[in-house]
Amino acid sequence: MSLQSELQHRVASALRAAGIEESLAVVTTAADTRFGDYQTNAAMVAAKALKKNPREVAASILSHLKVEDLCKAPTVAGAGFINFTVLDTALSDAVNEVARDERLGVETVPKPKTIIIDFSSPNVAKPMHVGHIRSTILGDSLSRIARHLGHRVITDNHIGDWGTQFGKVIYGWKHFLDKDALEQAPIAELVRLYREVNALEETDPAIKETVRHELVKLQQGDVENLEIWKQAVALSWKEFERLYGLLGVSFDERLGESFYNDALGPLVERLLAEKIAVVSEGAVCIFFPGSPELEEKPCLIRKSDGGFLYATTDLATLEYREARWKPDAVWYVTGAPQQLHFEQVFASARRMGVTTDLRHIAFGSILGEDRKMMKTRSGENVELGGLLAEAIERALAVVAEKNPDLPKAGQEEVARIIGLGAVKYADLMQHRLTDYVFSWEKMLSFQGNTAPYLQNAYVRIRSIFRKATAEGISTESAPVTISDPAERALALQFLQFGEILHTVLEDQRPNLLCLYLYELADRFHRFYEACPILKSEGSVRSSRLALAGVTAEVLKTGLSLLGIGVPERM
Ligand code: ARG
């Protein structure tokens, strides 16, 4: 049990003894570390319910509280906070216990859930926009954290491989496909076809009609059009996979929109028969009478021309997932502009009897330095491949400058870890709902809340260990004994690792993990400055080495849960 849970346990016993509701025993890290390491507001909450003086309630709790083996005498501060200052001995014991644990104090959840995480989901033959980049990074990190906490996670890339864009692509393919370009950069060529046909349609209504006809033919199973469609999807997927490989992102399933195509017609008929959906002005809709938000916003599932919609596919997808995986939760990681869509889909699902916890994990935009939606210089959507290549290239310049003696291949390897880490971290460190400005300088800086800063802290620790070995100093794991304030601060932060991941997953906010790791690295640097490691002797040295070693383990594990690697040198 973690120190924090142990304290919570003790507070619960004291509350019980004082005749107070036990569930009020919530212990958190102290908001103001001048008053202690941990605190509880139990007395304040209880006092409010009992209409009593909080300080009196606190005194009564304290009279029943037995924590002398863990803390100095608890104190009451402010409006009734009870503060705990952990004894150095207890802190050392707690650190040693977590250090021996290969999960670093992170317990798995008592009741694992089956969670489907739907993320990345780019559209074939349409430009991948930054929203897909954010979805990929965020979804991957959430999947890693959920798995680490013991949940059964199914990741599904719901790619947009069946949509009206294929009318344009097929028309373009038949009339002006550049085969070489398709070989070289398939997505770029498909996007070019899409764009050119788009432009042609604007000027020529006859072309628009032909394009529509190509789409209808595809939907009716025309052999030639199906073949073009298949090739377009396969080529795009190959390129997506290359990027996922570079990013270290993988999926359990890739059931795109086309997979559900045959289910759409029967689904709409069934919803009509069950009176969940109704015909309205020739279209089929699900209405939500009595819902203040959706009263006026029915979910359209079949257009009057017979076409199906994005929502229809999502409902069919959900039915499939329910039947196959019986999930406890389904998380959709897509941008904030899709909020209404998901509200409608979720409300429709409820009408269909789905009780699963459905969540739209929304996020804001990535902005350019001009604070407008990030675009390339020529005003186009930023292409992920190019962005990652630039990140690695810029990181290489930094690495070559800082570490000119590293052989070229080594520099490239490190640059890849740093460049990709920088892009991912810059995204994850933001609250997911805020828009943020994309800045190469900031994200690649070795100072501040950045991936290179954290990676550098890890590398510094590794180099201390190499130096120790070179000097014949034992690096065998040794007991940690806390005494210096800088050691205390680092140890307390280290112990929070077991708590933070659960909080991160509850709100789906990896930025809290980033902040945690940043604070850990910062406290490590302060410890490093205040407490000589290799220059000290005996058990002090082995203790400090051990403390540095476990810090490195947490940095590495924490970053890996964000999908970010660590180099051994940089
Ligand atoms: N392809 C969609 C888009 O680019 C995202 C799909 C998200 N997942 C879902 N089940 N709707 O906007």
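The shown structure was predicted, so the numbers you read here are calculated from the model rather than taken from an experiment.

S.K.: Honestly, the overall build of the chain in this entry has me stumped. Any pointers?
M.R.: Along its length, the chain carries 21 helices and 13 strands. Summarising its shape, the C-alpha atoms of the chain cover approximately 85 × 65 × 40 Å along the three principal directions. Within the chain, buried positions represent 51% of all 570 residues. Counted over contacts in the chain with a minimum sequence separation of 6, partners at least 24 positions apart contribute 71%. Entry remark: accessible area of the chain is about 26500 Å², with carbon and sulfur atoms responsible for 51%. Counting 65 positive and 76 negative side-chain charges, the chain places the averaged centre of each group 3 Å from the other.

S.K.: Whenever I open this one, the packing of aromatic side chains confuses me. Can you help?
M.R.: Remark: the centre distance and the inter-plane angle together describe each pair of aromatic rings, the angle taken between the planes. In this structure the tally under the stated criterion is 17 aromatic pairs. Pairwise contacts between aromatic rings join F119, W237, F240, Y244 and F251 into one cluster. For R34, the ring lying beneath its charged end belongs to F35, and the centroid distance is 5.7 Å. Sitting over the ring of W237, R254 keeps its end group 4.4 Å from the ring centre.

S.K.: Honestly, the site of the ligand in this entry has me stumped. Any pointers?
M.R.: Around the ligand, the neighbouring residues are D118, S121, N123, H132, H158, Y310, D314, Y332, T334, Q338 and F342. Here the ligand, which alone exposes 350 Å², has 93% of that area covered by the protein. Classifying every residue of the shell around the ligand by side-chain character gives three nonpolar, six polar and two charged.

S.K.: Please explain helix α4 (residues 88–100) as it appears in this structure.
M.R.: Each α-helix turn comprises 3.6 residues. Residues three or four places apart therefore point the same way. Compared with the 18 Å implied by 1.5 Å per residue over 13 residues, the 18 Å span of α4 between its first and last C-alpha is a close match. Considered for burial, the residues of α4 that qualify are A90, L91, S92, A94, V95, N96 and V98. In this fold, the buried residues of α4 make contact with α1 (3–17), α18 (485–495) and α21 (538–561).

S.K.: When you look at the nonpolar core in this model, what are you seeing that I'm missing?
M.R.: Where a protein is soluble and globular, its nonpolar side chains tend to be buried together. Core analysis: the largest hydrophobic core is formed by 152 residues, its most contacted members being F497 and L513. For L513, the residues in contact, after removing those within four places along its chain, are I145, F497, I500, L501, V504, G558, L561 and L562. Core analysis: the second largest hydrophobic core is formed by 31 residues, F288, I301, F342 and A347 among them.

S.K.: What is the right way to look at the pattern of salt bridges in this model?
M.R.: When charged atoms on two side chains of opposite charge get close, those side chains can pair. Using the criterion set out here, one finds 31 salt bridges in the structure. Among the salt bridges present, the one from D427 reaches R134, with a minimum N-O distance of 3.1 Å. Highlighted residues: D427 in helix α15 (residues 408–428) and R134 in helix α5 (residues 130–148), separated in sequence by 293 residues. Of the two residues examined, D427 and R134, each falls in the buried class. R302 is paired through a salt bridge with E269; the nearest N and O atoms lie 3.1 Å apart. One end of the pair, R302, is in strand β9 (residues 299–302); the other, E269, is in helix α11 (residues 261–273), and 33 residues separate them in sequence.

S.K.: Please clarify how the sheet that holds strand β10 (residues 329–333) should be interpreted in this entry.
M.R.: Two strands in a sheet stick together by hydrogen bonds in their backbones, pointing the same way (parallel) or opposite ways (antiparallel). Strands sit in the order β6-β5-β10-β11 across an open sheet of four strands; the sheet is parallel. Strands with a single pairing partner mark the edges of an open sheet, and in this sheet they are β6 (152–156) and β11 (357–361). Within this sheet the neighbouring strands show an average axis-to-axis angle of 20°, counted without direction. Bridge count between β10 and β11: five bridges; the pairing is parallel. If you follow V333 over to β11, its bridge partner there is I361.

S.K.: Would you mind showing me how to read the pairing of β6 here?
M.R.: Of all five residues making up β6, four are buried, and the element is well covered by its neighbours. In the sheet, strand β5 (residues 114–118) pairs with β6 via five bridges, with the strands oriented parallel. Across the sheet, residue D118 finds its bridge partner in β6, namely D156.

S.K.: In this structure, what is going on with the packing of α5 against helix α19 (residues 497–506)? I would like to understand it.
M.R.: Two numbers describe a pair of packed helices, the interaxial angle and the distance between the axes. Put simply, α5 and α19 touch, their axes get as near as 10 Å, and they point 130° apart. It follows that α5 is oblique to α19 by the angle criterion. For the pair α5 and α19, the crossing hand works out as left-handed. Within the contact between the two elements, α5 uses L142, I145, A146 and H148 and α19 uses L501, V504 and L505.

S.K.: Would you mind going over the sheet that holds β9 with me for this structure?
M.R.: Within the open sheet, the three strands sit side by side as β7-β8-β9. Their pairing is antiparallel. Each having just a single partner strand, β7 (278–280) and β9 make up the two edges of the open sheet. Ignoring strand direction, the axes of neighbouring strands in this sheet form an average angle of 50°. When strand β8 (residues 283–286) meets β9, the two strands line up antiparallel, connected through three bridges. Directly across from I286, in β9, lies its bridge partner C299. α11 rests against β7, β8 and β9 of the sheet, and its axis sits at about 120° to β9.

S.K.: Teacher, can you tell me more about the side chain of K424 here?
M.R.: Relative to the assigned elements, K424 resides in helix α15. Although K424 is buried, it makes no salt bridge; D140 carries the closest opposite charge, 4.4 Å away. Once residues lying within four places of it in the same chain are set aside, the contact partners of K424 are I137, D140, L247, L562, G563 and I564.

S.K.: Hey, could you run me through the environment of V480 in this one?
M.R.: Tracing the sequence through the fold places V480 in the loop between α17 (451–470) and α18. Residue class for V480 comes out buried when judged on its relative accessible area of 3%. Along the primary structure V480 and A395 are separated by 85 residues, whereas in three dimensions their C-alpha atoms are 36 Å apart.

Parameters and conventions
Residues numbered from 1 in each chain as written. Predicted model: local features only at pLDDT ≥ 70, side-chain atom pairs only at ≥ 80, totals over all residues. Heavy atoms only, no water. Helix = DSSP H or I, 4+ residues; strand = E, 2+ residues; numbered from the N terminus. Buried < 20%, exposed > 50% of the residue type's maximum accessible area, 1.4 Å probe, protein only. Contact = heavy atoms within 4.5 Å. Areas by Shrake-Rupley, 256 points an atom, 1.4 Å probe, with all protein chains shown as cover. Lys, Arg positive; Asp, Glu negative; His and termini not counted. Charge placed at Lys NZ, Arg CZ, Asp CG, Glu CD. Phe/Tyr/Trp six-rings, centres within 6.5 Å; stacked < 30°, edge-to-face > 60°. Lys NZ or Arg CZ within 6 Å of the ring centre and 35° of its normal. Near = heavy atom within 4 Å. Nonpolar A, V, L, I, M, F, W, Y, C, P; charged D, E, K, R; others polar. Expected span 1.5 Å × (residues − 1). Core = buried A, V, L, I, M, F, W, Y, C linked by side-chain atoms within 4.5 Å. Salt bridge = Lys/Arg side-chain N within 4 Å of Asp/Glu carboxyl O. Pairing = 2+ DSSP bridges. Axes fitted to C-alpha atoms, helices over the stretch in contact; angles between N-to-C directions. Parallel < 35°, antiparallel > 145°, perpendicular 65-115°, else oblique. Left-handed = near helix turned anticlockwise from the far one by under 90°.

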